[in-house]
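Chain by chain, the residues:
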10 protein chains.
Amino acid sequence: MMTKEDVTMMILSAKKQAGLTWEGIAEQIDMSPVWTHSACMGMNGFPEEKAEALVAALALPQEAASVLAEPPTKVWEQAVPTDPCIYRFYEIVGVYGPTLKALIEEKFGTGIMSAIDFDMSVTKVPHEKGDRVKVEMSGKFLSYNSW
Amino acid sequence: MMTKEDVTMMILSAKKQAGLTWEGIAEQIDMSPVWTHSACMGMNGFPEEKAEALVAALALPQEAASVLAEPPTKVWEQAVPTDPCIYRFYEIVGVYGPTLKALIEEKFGTGIMSAIDFDMSVTKVPHEKGDRVKVEMSGKFLSYNSW
Amino acid sequence: MMTKEDVTMMILSAKKQAGLTWEGIAEQIDMSPVWTHSACMGMNGFPEEKAEALVAALALPQEAASVLAEPPTKVWEQAVPTDPCIYRFYEIVGVYGPTLKALIEEKFGTGIMSAIDFDMSVTKVPHEKGDRVKVEMSGKFLSYNSW
Amino acid sequence: MMTKEDVTMMILSAKKQAGLTWEGIAEQIDMSPVWTHSACMGMNGFPEEKAEALVAALALPQEAASVLAEPPTKVWEQAVPTDPCIYRFYEIVGVYGPTLKALIEEKFGTGIMSAIDFDMSVTKVPHEKGDRVKVEMSGKFLSYNSW
Amino acid sequence: MMTKEDVTMMILSAKKQAGLTWEGIAEQIDMSPVWTHSACMGMNGFPEEKAEALVAALALPQEAASVLAEPPTKVWEQAVPTDPCIYRFYEIVGVYGPTLKALIEEKFGTGIMSAIDFDMSVTKVPHEKGDRVKVEMSGKFLSYNSW
Amino acid sequence: MMTKEDVTMMILSAKKQAGLTWEGIAEQIDMSPVWTHSACMGMNGFPEEKAEALVAALALPQEAASVLAEPPTKVWEQAVPTDPCIYRFYEIVGVYGPTLKALIEEKFGTGIMSAIDFDMSVTKVPHEKGDRVKVEMSGKFLSYNSW
Amino acid sequence: MMTKEDVTMMILSAKKQAGLTWEGIAEQIDMSPVWTHSACMGMNGFPEEKAEALVAALALPQEAASVLAEPPTKVWEQAVPTDPCIYRFYEIVGVYGPTLKALIEEKFGTGIMSAIDFDMSVTKVPHEKGDRVKVEMSGKFLSYNSW
Amino acid sequence: MMTKEDVTMMILSAKKQAGLTWEGIAEQIDMSPVWTHSACMGMNGFPEEKAEALVAALALPQEAASVLAEPPTKVWEQAVPTDPCIYRFYEIVGVYGPTLKALIEEKFGTGIMSAIDFDMSVTKVPHEKGDRVKVEMSGKFLSYNSW
Amino acid sequence: MMTKEDVTMMILSAKKQAGLTWEGIAEQIDMSPVWTHSACMGMNGFPEEKAEALVAALALPQEAASVLAEPPTKVWEQAVPTDPCIYRFYEIVGVYGPTLKALIEEKFGTGIMSAIDFDMSVTKVPHEKGDRVKVEMSGKFLSYNSW
Amino acid sequence: MMTKEDVTMMILSAKKQAGLTWEGIAEQIDMSPVWTHSACMGMNGFPEEKAEALVAALALPQEAASVLAEPPTKVWEQAVPTDPCIYRFYEIVGVYGPTLKALIEEKFGTGIMSAIDFDMSVTKVPHEKGDRVKVEMSGKFLSYNSW
């Protein structure tokens, strides 16, 4: 059976050979770059028509479409990530986690921001003292139930 | 010696008694709510005039100003946070960390987003299917050195 | 400042002295026993009128009401619980976690059961070969976003 | 020697090719979907006649029947699961574990709910504000021995 | 409120002052030494009449009886114990765990030995090459449910 | 070179094909079932004549005898075992470890039970309320040296 | 697809066969030895012309150049390194970490030394009581943002 | 008995009251700032005359001198430090550890840099694109023994 | 009740005031310095007459004698010690553990060196290239049982 | 490329076929058994002439000599070793680590025993109550630098 890992490898290979970018691929299937990359890594499941679109765009074998549409099993192996680019986000959660919690509660009441009904973008913001990375996250507020 | 923990306790007590919000406090010292909360928690150091402003706004003892201005030692005890509101952000880093890395590299070249030259905001976005939490982060892109 | 831990101690003490049960307390404030216990332990925040009702029912000091209404910070210290009664539930998640995931996805599509918009009950089911504990959980299905 | 992992792979492959669901397979061998899935994953051992039934239903090689009937070795590798669908159940145990313990003790006396003499179901409950996942667990109450 | 830790301290103090042994105490309340010690340590709950018997035997304050009768919360802090006397038992579980599992399954079918419906004794067996410690455990066999 | 893992695989295969039990194999080499299983798993080294006896009984290749006689390297990978049958023994050590220590010291003086000069048995004890697993361990008492 | 690990293997093999040193290789591509080694290990990405230079110097296959230029994913598997040569540096961070922090803050204000805009060298300093290793690090000071 | 922690507190208090810097204190006792800070934190032991000098300089109680001269017990509690300023050095060891090892071996032969016969300095290097932190370490090369 | 920690504090205080060394104390009670120190730290139990001797030598309160004679609970909190002097021994076990095992087995047969019937000494060996620490351990060989 | 692991395998195979002991091999290359075993395991690097001697003695392929002479990367995977023979040494470090530290400091001043300029031997000491394992370690004393 073809696995999500197999399909990820095919995508990376096709992307490199065709000289594509994630943004370019995302555009071809009319989805955002963040979602497209994470789904290609096997961290999100494709809606069927998007799976078909990707298979067409990258000339993947037809069997890949059903694999892309399977629900993902989201596993990461490092509880504390070591890569500096990812660690910095971990650090932000460590430093600002209680702050995010306090402000969400102040604005919305007792509850959380969903990581499921969620979207995110990454943008480049030119700046004279050095360009800046802008990350925007948006998640549905979920109120704790009392029963 | 008065410690940052002592001052945090004084702030929380004054805030409760005066019925203030973090947004209200932030406004009084003309800083953002995210930065204000994290600095009050001892996770950031106050510029001196902001320390004075806070001491005045909350009627803290004068000694508190110099403590607020000390550099913070940023410590968190749970490598994996358990509180659901904070865990969801940890989960986002686990699931989307490699995606953030790939897109930053695609847009900027090899490097990272700084967590030091950094700012963040939290906003409430009304939505008919349920209000949404919007978190915006912005950090300077830092390019890896080759030497 | 009175903390949630202080109030929990007061509740346990009042409960023991009055010879109450959690079911009895829950009934007095017209909430379920599971929610009532967890909120008294500081793991959930009380709606204001419920906080007032508990303060009245157990003759707690008035200041306790506002503490009970504060958002909880949910912390547990043992990543793997040692108490046998709690460990068995951890074991069930370890053994049946992938099964719960597979069946939820089969019935609902790709997504999860919310642990926030969530309720639970515990019931005693008499049985001739030995009484049984029945635990019922219900959580809103949350579908992963594609964007 | 054929292992439980080998047989799990055969089952997944046969299931996919035949377009079956876990509920459909469970029905064919007259067992519940939860038990069926977990036993197919190698987390439970099949009674012999059920092993034969599954081998027949999915046209597995005959040798698979004895493998399915072997006692399972229940191993999970992540002390804290990362997949969001499974993590939420872990979170429920963390948040509500002491509550489950307190209510079981209040209703039954000092003891635990068995995770061995145990069954579970997953149901879809339609709801206007969004369908709900209902999980029902039932385990024999086991009283601590005093001797 | 008096806690189980408080009562354990009182028992140890009374035991030392009166020059008692755990076997002697166990005899006075007509229970086994293993159970008596573990219950005095707060790792098991006393049946009410045994709690009364212990309070009488050691002249503890009356309030201690109800505390001894409370359900225990069984917590140990070292996942791998360091004390050599306890570590050797941990080592036995590590080395012989799969053997215990294989032989229990061979004799009883698929299932486990209960650690709840369980008793244990420690005996001194004189031996010319050096006395031996004999530990006998007995637990109810629990068969895995299929449903 | 043939390894202990290789020989374990050969033993399991021969045992299955011949429909043997561990007790049957133990009897053929005139050793106890506990020791026989653990040595076949590579957790104990065979005396030479027992290695020859096993090779003969199961028709293993002659080279296996010297491998069986090599000293074992005892490794287990899970500091806290997940399989329920093994976990229960871990739990017993967690709950009753301090009790075993206290009673051994009371009976023997300061020291430990050896896990090296050690033997163990597993027996089935029929019981009307459900059969019981009886585990008997015996280890030489080792007194701490003072020098 | 050729991976960074593949290219590292090719480099090590070419280096051994040609009897080169890291300093020699570094000189050929006109970079420092520290950077050259770490980039050859896959811990830094090559600027394109340096990748070409290395491919030429060591007669690597042309495809290796693009792999060398890919952004690195920096992963290390031992949170606490065991090799004595590396552990000593870990120990220095443990012992002198708070000192580095205090002196950086005293000299620069609240902030950190960048590990990204960073360079390092290793030199041999002859000394009569035994030669000394000199390690020089230089990183841009990054000031914490207040916003 | 006065402990090293007590003396550290006295030093910090005296330093704050007198408005001193670590460099200033170091100068007064004619030692380097890095060593002075770490010894004041209890991470190094003072030679007796330096202990006397510090006691005099900061007007500490005389008993402090003998405490400052005691050998330190070097303990740090976070295997992976969370404070960003310290973490960056940890990251450098993770990323460049194998490089430091390879270059030390290339220059000196098989061995390590001592962390005991060791010294370090921190300097501010003005730079037009932003000032830089320069850290210089020097440790005696220790060759592995063959015997 | 006086604890072993209390008595350790009294010993350290008496030792400092009287300007004693561990060797001096050991001589006074006619035991070795290694055993004496470890027993004073609470890591070994005193034979009664040695406890009396220590109480007399250091003028401890009489109650201390019975506390010194209690069996120790040997606990250490750092699985990997951070103090460099202790870490080096941990490193030796990591590097040479398999070697110790292989040579013990080669000389004695399958078994271990006892850490209970055990003694140790530390000696200073003058050497022109720098004095050496000599550590001698001796433990009874324990042969694995076959049964 | 031939790795250290490959050469270790060749050595073990040659040793078994020739019926050699580690002591015998050590004698052939005129080194100690402890060093010889550890270097054959890849935990120490061979001086060139010793590598040649081993290659000759065991008839290894010539390429093995240069591999044996490479600096070792010392890695162990279990922070707490499970094999009883190795664990006992770990336990000794846990129990007696602070004692070793205290006595080294008392005899030598503030510093450590080197694990690099280090040697060790294992001897069998016949004893009427059971033979004893004698382990002798010797390491250069390294004094902490003050600067």
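Residues numbered from 1 in each chain as written. Chains lettered and ligands numbered in written order. Predicted model: local features only at pLDDT ≥ 70, side-chain atom pairs only at ≥ 80, totals over all residues. Heavy atoms only, no water.

Visitor: Honestly, the UniProt feature "active site" (unreviewed entry) in chain A in this entry has me stumped. Any pointers?
Guide: Per the UniProt annotation, the sites labelled "active site" (unreviewed entry) are R88, E91 and S114 of chain A. Tracing the sequence through the fold places E91 of chain A in helix α6 (residues 84-108). Inspection of the secondary structure assignment puts S114 of chain A in strand β1 (residues 111-125). Contacts of S114 of chain A, omitting those with residues within four sequence positions, involve G139, K140 and L142 of chain A together with L142 of chain C. A distance of 3.0 Å separates a polar atom in the side chain of S114 of chain A from the backbone nitrogen of I116 of chain A. (UniProt positions renumbered as here; feature names shortened; annotations may be inferred. Helix = DSSP H or I, 4+ residues; strand = E, 2+ residues; numbered from the N terminus. Contact = heavy atoms within 4.5 Å. Polar contact = N/O pair within 3.5 Å; in protein donor to acceptor, adjacent residues only side chain to side chain.)

Visitor: Could you clarify how one ought to interpret the packing of aromatic side chains in this entry?
Guide: One pass over the full model with this rule turns up 80 aromatic pairs over all chains. Consider the rings of Y87 of chain B and Y87 of chain D, whose centres lie 3.6 Å apart with planes at 0°: the pair is stacked. Taken as a pair, Y87 of chain B in helix α6 (residues 84-108) and Y87 of chain D in helix α6 (residues 84-108) lie in two separate chains rather than in one. The cationic tip of K124 of chain A hangs over the ring face of F108 of chain B; the distance from NZ or CZ to the ring centre is 5.1 Å. (Phe/Tyr/Trp six-rings, centres within 6.5 Å; stacked < 30°, edge-to-face > 60°. Lys NZ or Arg CZ within 6 Å of the ring centre and 35° of its normal.)

Visitor: How do you make sense of the relation of the copies chain J and chain H when you look at a structure like this?
Guide: What connects the two chain copies is a rotation about an axis and a shift along it. Expressed as a screw operation, the relation of chain J to chain H combines 0.0 Å of axial shift with a rotation of 180°, fitting to an RMSD of 0.0 Å. Taken together, the rotation and translation relating the two chain copies correspond to the operation of a two-fold axis. Distance from the rotation axis, computed per C-alpha, reaches its smallest value in chain J at S114 of chain J: 4.7 Å. (Least-squares fit on C-alpha atoms with pLDDT ≥ 70 in both.)

Visitor: Please clarify how the arrangement of the chains should be interpreted in this entry.
Guide: One finds no contact between chain B and chain F; the C-alpha atoms of the two approach each other to within 19 Å at their closest. Nothing in chain C touches chain H, and the closest approach of their C-alpha atoms is 16 Å.

Visitor: Would you explain the state of the cysteines in this entry?
Guide: In protein structure, a disulfide is the covalent linkage between the sulfur atoms of two cysteines. All names here are of chain A. Per the stated rule, a full pass over the model turns up 0 disulfides over all chains. Cysteine C40 remains unbridged, with the sulfur of C85 as its closest cysteine sulfur at 19 Å. On the accessibility criterion, C40 (2% relative accessible area) is buried. (Disulfide = S-S within 2.5 Å. Buried < 20%, exposed > 50% of the residue type's maximum accessible area, 1.4 Å probe, protein only.)

Visitor: I would appreciate a short explanation of the interface of chain E and chain F in the present structure.
Guide: By a frequent convention, interface size equals the accessible area lost on bringing the separate parts together. Counting residues at the interface gives 66 residues for chain E and 66 residues for chain F. Between chain E and chain F the total buried area reaches about 6700 Å² when both faces are included, carbon and sulfur atoms providing 68% of it. Connecting chain E to chain F are 10 salt bridges. Joining chain E to chain F, the criterion identifies 30 residue pairs in polar contact (both at pLDDT 80 or more). Among the elements that line the side of chain E that touches chain F, the one with the most residues is helix α6 (residues 84-108) of chain E, at 24 residues. Class assignment of the residues belonging to the side of chain E that touches chain F gives a composition of 35 nonpolar, 13 polar and 18 charged. Here strand β2 (residues 132-143) of chain E pairs with strand β2 (residues 132-143) of chain F via 9 bridges, running antiparallel. Considered in β2 of chain F, the bridge of K134 of chain E is made with S138 of chain F. (Buried area = accessible area lost by both parts, 1.4 Å probe. Salt bridge = Lys/Arg side-chain N within 4 Å of Asp/Glu carboxyl O. Nonpolar A, V, L, I, M, F, W, Y, C, P; charged D, E, K, R; others polar. Pairing = 2+ DSSP bridges.)

Visitor: I tried to follow the relation of the copies chain E and chain F on my own but got confused; where do I start?
Guide: Under the fitted operation, chain E is carried onto chain F by 0.0 Å of movement along the axis and a turn of 180°, and the coordinates agree to an RMSD of 0.0 Å. Of the residues that chain E buries at the interface, 100% are likewise interface residues in chain F, meaning the two copies contact each other through the same surface.

Visitor: Where do I start with the environment of M31 of chain C in this structure?
Guide: Mapping M31 of chain C onto the fold places it in the loop between α2 (22-28) and α3 (33-40). Here M31 of chain C falls in the buried class, since its relative accessible area comes to 14%. Residues M31 of chain C and K134 of chain C, 103 residues apart in the sequence, show an inter-C-alpha distance of 19 Å. Excluding its chain neighbours within four sequence positions, the residues that come into contact with M31 of chain C are S146 and W147 of chain A together with A26, T36 and K50 of chain C.

Visitor: Explain the packing of helix α2 (residues 22-29) of chain D against helix α4 (residues 48-58) of chain D here, please?
Guide: Relative orientation and spacing of two packed helices are given, respectively, by the angle between their axes and the distance between those axes. All names here are of chain D. Their axes nearest at 9 Å, the elements α2 and α4 cross at an angle of 125°. With respect to α4, the element α2 is oriented oblique. Regarding α2 and α4, the two cross each other, and that crossing is right-handed. Contacts between α2 and α4 involve I25, Q28 and I29 from the former and K50, A53, L54, A57 and L58 from the latter. Looking at the contact of α2 with α4 residue by residue, the class counts come to 6 nonpolar, 1 polar and 1 charged. (Axes fitted to C-alpha atoms, helices over the stretch in contact; angles between N-to-C directions. Parallel < 35°, antiparallel > 145°, perpendicular 65-115°, else oblique. Left-handed = near helix turned anticlockwise from the far one by under 90°.)

Visitor: What am I meant to see in the sheet that holds strand β1 (residues 111-125) of chain J here?
Guide: Within a sheet, adjacent strands bond to each other through the backbone by hydrogen bonds, running parallel or antiparallel. The 4 strands are arranged β1(I)-β2(I)-β2(J)-β1(J) in an open sheet whose pairing can be described as antiparallel. Where the open sheet ends on each side, the last strands, each with one partner, are β1 (111-125) of chain I together with β1 of chain J. Between one strand axis and the next, the sheet turns through 20° on average, direction left out of account. For β1 of chain J and strand β2 (residues 132-143) of chain J, the ladder comprises 11 bridges, and the chain directions are antiparallel. Within the sheet, the bridge partner assigned to S121 of chain J lies in β2 of chain J and is E136 of chain J.

Visitor: Sorry if this is basic, but what is going on with a negative patch on the surface here?
Guide: On the surface, a cluster of negative charge is contributed by E77 of chain A, E77 of chain D, E77 of chain F, E77 of chain G together with E77 of chain J. By the element assignment, E77 of chain J lies in the loop between α5 (63-69) and α6 (84-108). Since its relative accessible area comes to 78%, E77 of chain J is described here as exposed. (Patch = residues over 30% accessible without salt bridge, like charges linked within 9 Å, V, L, I, M, F, W, Y side chains within 5 Å. Areas by Shrake-Rupley, 256 points an atom, 1.4 Å probe, with all protein chains shown as cover. Lys, Arg positive; Asp, Glu negative; His and termini not counted. Charge placed at Lys NZ, Arg CZ, Asp CG, Glu CD.)

Visitor: Would you mind showing me how to read the pattern of salt bridges here?
Guide: Note on pairing: side chains with opposite charge can pair once their charged atoms come close. Under the counting rule described, the total for this entry stands at 80 salt bridges over all chains. One salt bridge connects D83 of chain C with K101 of chain D, and the closest N-O pair in it is separated by 3.3 Å. One end of the pair, D83 of chain C, is in the loop between α5 (63-69) and α6 (84-108); the other, K101 of chain D, is in helix α6, on a second chain. For the pair D83 of chain C and K101 of chain D, a shared accessibility class is recorded, and that class is buried.

Visitor: Explain the interface of chain J and chain H here, please?
Guide: Contacts between chain J and chain H engage 28 residues on the former and 28 residues on the latter. When the two sides are added together, the surface that chain J and chain H hide from each other amounts to roughly 2500 Å², 61% of it contributed by carbon and sulfur. Per-residue buried area on chain J facing chain H is highest for I116, Y144 and W147 of chain J; these three make up 34% of the total on that side. On inspection of chain J and its partner chain H, the count reaches 0 salt bridges. The tally of links between chain J and chain H comes to 10 residue pairs in polar contact (both at pLDDT 80 or more). Elements with a minimum of two residues in the side of chain J that touches chain H: α3 (33-40), α6, β1 and β2 of chain J. In terms of residue count, β1 of chain J provides more of the side of chain J that touches chain H than any other element does, 7 residues in total. Class assignment for the residues of the side of chain J that touches chain H results in 13 nonpolar, 9 polar and 6 charged.

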